Amino acid sequence: MRPGSEPTRVAVALCDCLASPGDADELTALCASLERTLPDVRAAVVPDLCLYAGRGPALAVDSGATRLVLGTSADGGSPDEIQRRARRAGLDPFAIVLVRLPRACVSKQGSDGVVPRLAAAVARARAFAGTTPDQLRPRLLAEGAAVSRFSLLALPPITYEPVPSVAHRRCLGPGRCGFCVQTCPRSALAVEDGRVVLDKQRCDGCGLCVTACPTEAVSLPGSSLAEYGAQLESLLGSDEPAVLFHCRKAVGLDGATGGWLPVQVPCIGVVTPGWMLQAVARGASAVGLTRCGPECGCPREPVVAGRLAYTRDLLRLLGDEAAADRVRTVAVTEAGLEPPPRLPSFGRPDASDAAPSLAEPAATAEALLRLHESDPRRRVRLRAHRASPLGLVRVRASACTVCGACAAACPTGALRLEEGAEDVVLSYDATACVGCERCAPSCPEQAAGALAVDRSTDLIALARGRTPLKLEALARCRNCGGPIAPSAMLVRIQALLADEEHAGPLLQVLGDLCVPCRGSTLSAGGPRLVEAASRQPPPARLNASRGELWP
Amino acid sequence: MTTAPATSAPAPRSGQGSSPADLAELRGAAFELLGALFCYPAPGDLAEVVAAARDFPSRRCLAPEFAFFPPLRALCDRLLNLEESDLGGLEREYVTLLLVNSSQGLCPPYESAYLEREGRERGLVTIAVERTYAASGVALADGRELPDHASLELGFLSLLCDEEERAWREGDVDRSLDFLRREEEFHELHLQRWFPTFTRRLARAAPPGSLYGLLAEAARAFVVHDGDLVRMLLAEPPP
């Protein structure tokens, strides 16, 4: 919850099957504890909630809550049936967080991990921002799906699946970005009329586009970065927690998580290095990833493996000798989940109230800088790694003309051109660079080695933040005093045209006059200049990459 | 903290009485209601619309299971609270939001304003819409509105839904699917291409809590949902 904002009321409904036989009072006490420790929460034990899922939404509506956490056993209540009941009760079904817990997990002997999981579910539910019509795809429930037997007497019931939507106001468009389109494994995102559009029928709601978007323009109800951030923040408040990210299709997870604190994601491919590093940096003793079941055929396996390797390499460079154990895949065996390793935390808990940022590349940068704080002089640099969410741009000042083409192409604003009264500055912020390499082909001085980019991670560069790469004086118009171009650019043009016959008058015009004055001079007062200029090659060919110099 | 009563009965039967015909009837009624609300709020028409709103949520037990229902219910609630004295305000709101300089205004309720080059009226888009109506045997009764007006496009889909419902009830599956295909085509070629943008603009432009703000939200939710629903029904035809 942010300071100054009223918390959204959340109802927590727990099935009575979660209490050990004879220990029903313990579950009631747990509800009281949740109400005491979490703001504006109404918690209740609901008899037979696993059988009658509709009682959960009814409890939420009765208590004036718009968000609901359902604590049921692994086989309690089908999500589709819960969704239908929620709609009938007037509650947004995607505002419900379902927590699967083992039966009889609450007893006098304790309730290991139950309270942090419920508290994190409350935080996640509270961060839910609502659903828009574009974010829903109706689906007829397949025959034999686990729904009420009454429903099968008539039209197959309709349920809804969340799909992402693109906020076009925030979207940079395919011309500058297009990461979501490239990331989608089902080609559900495409470009139409210069806009990114979604084919709902192709989308399976994996959410990869959500974490791929550098401007958070893509959102998926129930799977937003804000929701995961809130859940993670709550889980990391536990003592040296072991956090497990698991795919929604992971099989064998029956509510018992063997010491891990789980975060369910639509696809394990949404978990970026920044998520893992943020968890480690904020005190998690271990971070596990559990993939989907064998029937899924997930195309993201190599990507996940690469991200794990990258995260471990960085942790090792930062001095974590247990990195390989700390960040790992966790298999589900017949005996259940592999237990988390017993390791001391490498990072430290966050004293502030802020939820971790999970948007890349800021998430990785922020977590690395946090881990680096203990030894900031240590040089930590990881050479180009294909799984790095961060890139590193290097500019050779002697070759750069500060034309700004790279800044215009940069989708995240890592490269920026700022024009002052007297000069123009090209600056770079490594914490915002995603290594997309859009800048490199846009650079007209690429042949001279003016700009290079790769997927290296350099903590010194990250720590510097925004840094000027080159400052260049602006040449001014002799006629009106307006800006012409950076001096280095004019020098470069002069060098390029030096050997051209009759280049003199043209270069004089270029160096002396701004674009508007050049046009008026050429057309009105300077027949000799016009004559000289007309003998030159056409401007468009000469200067195609710097159209701004020409009328 | 409370313990919920153990005696609460199982949830009521869901999907009771629902069939493809019921679904078509529900959709037809919703299109009719929304289409009527995009017409100029004349006193006589408004009374009919209010009566339809009174009937809508209570009679159709199927509706609450659909995602479009909450904004539609909010709209119906607002309509039921309308009084005679509100009519003047509604007329003013309608004129300000939907009529003033309709082709260049805030939210013109015509498809051509969004899809035609320079928002030209009576252009190719208007002709294409009229031809689509004619292909289904529908002709405009009077010339009060252009064929691509929101109320007429929604009304046309209402007619198609009514025909679809009749075909389902007669057990003529092929004819029902034929009408479903016509609905899908009209959604894809016309309504989905402009209506969400129009209603988004209208929702932003309308004063908070106004009838037209609620209408914009409800119409957008319903039309977007219906486009997806029709596509789904054609992909997995009902038994």
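Calculation notes
Residues numbered from 1 in each chain as written. Chains lettered and ligands numbered in written order. Predicted model: local features only at pLDDT ≥ 70, side-chain atom pairs only at ≥ 80, totals over all residues. Helix = DSSP H or I, 4+ residues; strand = E, 2+ residues; numbered from the N terminus. Buried ≥ 20, exposed ≤ 12 C-beta atoms within 10 Å, placed from the backbone. Contact = placed C-beta atoms within 7 Å. Pairing = 2+ DSSP bridges. Axes fitted to C-alpha atoms, helices over the stretch in contact; angles between N-to-C directions. Expected span 1.5 Å × (residues − 1). Domains from an automatic or database assignment. Nonpolar A, V, L, I, M, F, W, Y, C, P; charged D, E, K, R; others polar. Parallel < 35°, antiparallel > 145°, perpendicular 65-115°, else oblique. Left-handed = near helix turned anticlockwise from the far one by under 90°. Core = buried A, V, L, I, M, F, W, Y, C linked by C-beta atoms within 7 Å. pLDDT = per-residue confidence, 0-100.

## Quick word on the overall build of chain A
Argument step 1. From N to C terminus, chain A includes 19 helices and 24 strands.
Argument step 2. Split into buried and exposed, the 551 residues of chain A put 48% on the buried side.
Argument step 3. Sequence-distant contacts, at least 24 apart, represent 72% of the contacts inside chain A between residues at least 6 apart.

## Brief notes about the overall build of chain B
Argument step 1. Looking only at helices and strands, chain B features 9 helices and 1 strand.
Argument step 2. Listing the helices and strands of chain B from first to last along the sequence gives β-α-α-α-α-α-α-α-α-α.
Argument step 3. Expressed as a percentage of the 239 residues in chain B, the buried residues total 42%.
Argument step 4. Sequence separation of at least 24 residues holds for 65% of the intrachain contacts in chain B that already meet a minimum separation of 6.

## A short note on the sheet that holds strand E19 (residues 415-419) of chain A
Residues and elements named next belong to chain A.
Argument step 1. As summarised here, the arrangement of the 4 strands in space is E19-E20-E23-E24, forming an open sheet in which the pairing is antiparallel. Only two strands of the sheet have a single neighbouring strand rather than two, namely E19 and strand E24 (483-486). Neighbour-to-neighbour, the strand axes of this sheet turn through a mean angle of 30°, independent of strand direction.
Argument step 2. Where strand E23 (residues 466-476) meets E24, 3 bridges bridge the pair, whose relative direction is antiparallel. Bridged to Arg476 within E24 is Pro483.

## Structural notes on helix H4 (residues 114-126) of chain A
Think of an α-helix as turning once every 3.6 residues; residues three or four places apart then point the same way.
Residue and element names in this part refer to chain A.
Argument step 1. Given a rise of 1.5 Å per residue, 13 residues ought to cover 18 Å, and the 18 Å separating the end C-alpha atoms of H4 matches this to within 8%.
Argument step 2. Counting buried positions along H4 yields 11 of 13 residues, so the element is predominantly enclosed.
Argument step 3. Every buried residue of H4 is accounted for by Val114, Arg117, Leu118, Ala119, Ala120, Ala121, Val122, Ala123, Arg124, Ala125 and Arg126.

## Describing the environment of Leu38 of chain A
Residues and elements named next belong to chain A.
Argument step 1. With respect to the secondary-structure elements, Leu38 resides in the loop between helix H1 (24-37) and strand E2 (41-46).
Argument step 2. We classify Leu38 as buried; it has 20 C-beta atoms within 10 Å.
Argument step 3. With 84 residues separating them in the primary sequence, Leu38 and Val122 have C-alpha atoms 8.5 Å apart.

## So, the domain arrangement of chain A
Residues and elements named next belong to chain A.
Argument step 1. Each domain of chain A was delimited in the assignment, giving domain 1 (10-158), domain 2 (392-473) and domain 3 (477-549).
Argument step 2. In this assembly, 8 residues from domain 2 lie in contact with 7 residues from domain 3.
Argument step 3. Classifying every residue of the side of domain 2 that touches domain 3 gives 6 nonpolar, 1 polar and 1 charged.

## Quick notes on the packing of helix H3 (residues 69-80) of chain B against helix H9 (residues 211-235) of chain B
Residue and element names in this part refer to chain B.
Argument step 1. Contact geometry of H3 with H9 gives a least axis separation of 8 Å together with a crossing angle of 150°. Regarding the angle of H3 to H9, the classification is roughly antiparallel. Handedness of the H3/H9 crossing: left-handed. Together, Pro71, Leu72, Ala74, Leu75 and Arg78 of H3 and Leu211, Leu214, Leu215, Glu217, Ala218, Ala221 and Phe222 of H9 make up the contact between the two elements.

## Description of the nonpolar core
Argument step 1. Residues Val12, Ala13, Leu68, Val69, Val122, Val243 and Val280 of chain A are the most contacted members of the largest nonpolar core, which totals 155 residues.
Argument step 2. Among the elements that line this core, the one with the most residues is H4 of chain A, at 8 residues.
Argument step 3. Dropping the residues within four chain positions of it, Val280 of chain A is found in contact with Val287, Leu315, Arg326, Val327, Phe346 and Gly347 of chain A.
Argument step 4. Leu75, Cys76, Phe195 and Ala221 of chain B belong to the second-largest nonpolar core, a separate cluster that totals 57 residues.

## A word on the pairing of strand E13 (residues 286-290) of chain A
Residues and elements named next belong to chain A.
Argument step 1. Most of E13 sits inside the fold, with 5 of its 5 residues counted as buried.
Argument step 2. Side chains Ala286, Gly288 and Thr290 project from E13 onto one buried face, and the interleaved Val287 and Leu289 project onto a second face that is buried too.
Argument step 3. Both strand E11 (residues 242-247) and E13 contribute to a ladder of 5 bridges, which runs parallel. Of the residues in E13, the one forming a bridge with Phe245 is Leu289.
Argument step 4. With 3 bridges connecting them, E13 and strand E14 (residues 327-329) associate as parallel partners. Bridge pairing in E14 links Gly288 to Arg328.

## Notes on helix H7 (residues 150-169) of chain B
Residues and elements named next belong to chain B.
Argument step 1. Helix length check: H7, at 20 residues, gives a terminal C-alpha distance of 29 Å against a target of 28 Å (1.5 Å per residue), a fit within 8%.
Argument step 2. The buried fraction of H7 amounts to 15 of the 20 residues, a majority that puts the element mostly inside the structure.
Argument step 3. A positive phi of about 75° marks Gly171, the residue just after H7.

## Concerning the environment of Arg9 of chain A
Residues and elements named next belong to chain A.
Argument step 1. Along the chain, Arg9 falls in the segment before strand E1 (10-15).
Argument step 2. Sequence separation between Arg9 and Ala60 is 51 residues, and the spatial gap between their C-alpha atoms is 9.0 Å.
Argument step 3. Leaving out residues up to four positions away in the same chain, Arg9 has contacts with Asp40, Arg42, Gly64, Ala65 and Thr66.

## Here we look at the sheet that holds E11 of chain A
Residues and elements named next belong to chain A.
Argument step 1. Strands sit in the order E12-E11-E13-E14 across an open sheet of 4 strands; the sheet is parallel. Both edges of this open sheet fall to strand E12 (261-265) and E14, since each of them pairs with a single strand only. On average, each strand axis in the sheet is tilted by 20° relative to the strand beside it, whichever way the strands run.
Argument step 2. Sitting on the sheet, helix H9 (residues 301-317) is in contact with E13 and E14, with an inclination near 160° to E14.

## Quick word on the packing of H4 of chain A against helix H7 (residues 225-235) of chain A
Residues and elements named next belong to chain A.
Argument step 1. Close contact between H4 and H7 brings their axes to 8 Å; oriented N to C, the two are set at 155°. Considered as vectors, H4 and H7 are oriented roughly antiparallel to each other. The two elements H4 and H7 cross, and the hand of that crossing is right-handed. Contacts between H4 and H7 involve Pro116, Ala119, Ala120, Ala123, Arg124 and Arg126 on the former and, on the latter, Glu227, Ala230, Gln231, Glu233, Ser234 and Leu235.

## What to know about the environment of Gly336 of chain A
Residues and elements named next belong to chain A.
Argument step 1. Residue position: Gly336 is located in strand E16 (residues 336-337).
Argument step 2. Look at Gly336 and you get partly exposed, because 13 C-beta atoms sit within 10 Å.
Argument step 3. When the C-alpha positions of Gly336 and Pro221 are compared, they lie 30 Å apart, and in sequence the two are 115 residues distant.
Argument step 4. Once residues lying within four places of it in the same chain are set aside, the contact partners of Gly336 are Ala256 and Gly258.

## Topic: the confidence of the model for chain B
Note: predicted coordinates in regions of low pLDDT should not be interpreted at a detailed level.
All names here are of chain B.
Argument step 1. Across chain B, pLDDT averages 82, with 84% of residues at or above 70.
Argument step 2. For chain B, strand E1 (residues 2-3) is the element with the lowest average pLDDT, namely 48, and H7 is the one with the highest, namely 93.
Argument step 3. Contacts from residues 5-17, a stretch scored under 50 in pLDDT, to residues over four places away or in other chains number 23 contacts.
Argument step 4. Interface confidence for the predicted complex, expressed as ipTM, amounts to 0.81; the pTM equals 0.84.

## Quick word on unusual backbone geometry
For residues that are not glycine, phi is negative in most cases, and the peptide bond is trans in most cases.
All names here are of chain A.
Argument step 1. Each neighbour pair has its own omega, and for Glu360 with Pro361 the value is 5°, a cis peptide bond.
Argument step 2. Along the chain, Pro361 falls in the loop between E16 and helix H11 (362-372).
Argument step 3. Located in the positive-phi region is Asp40, a residue other than glycine, with phi close to 50°.
Argument step 4. Within the secondary structure layout, Asp40 lies in the loop between H1 and E2.
Argument step 5. Exposure remark for Asp40: the 16 C-beta atoms within 10 Å place this residue in the partly exposed category.
Argument step 6. At Glu437, a residue that is not glycine, the phi angle is positive and equals roughly 70°.
Argument step 7. In this fold, Glu437 is placed in the loop between strand E20 (423-429) and helix H13 (439-442).

## Some words on the confidence of the model for chain A
Residue and element names in this part refer to chain A.
Argument step 1. Mean pLDDT over chain A stands at 84; residues scoring 70 or higher make up 89%.
Argument step 2. Of the regions scoring below 50 in pLDDT, residues 144-153 engages in 15 contacts with residues more than four places distant in sequence or in other chains.
Argument step 3. Here residues 532-551 is a poorly scored stretch, pLDDT under 50, and it has 23 contacts once near neighbours within four places are set aside; other chains count.

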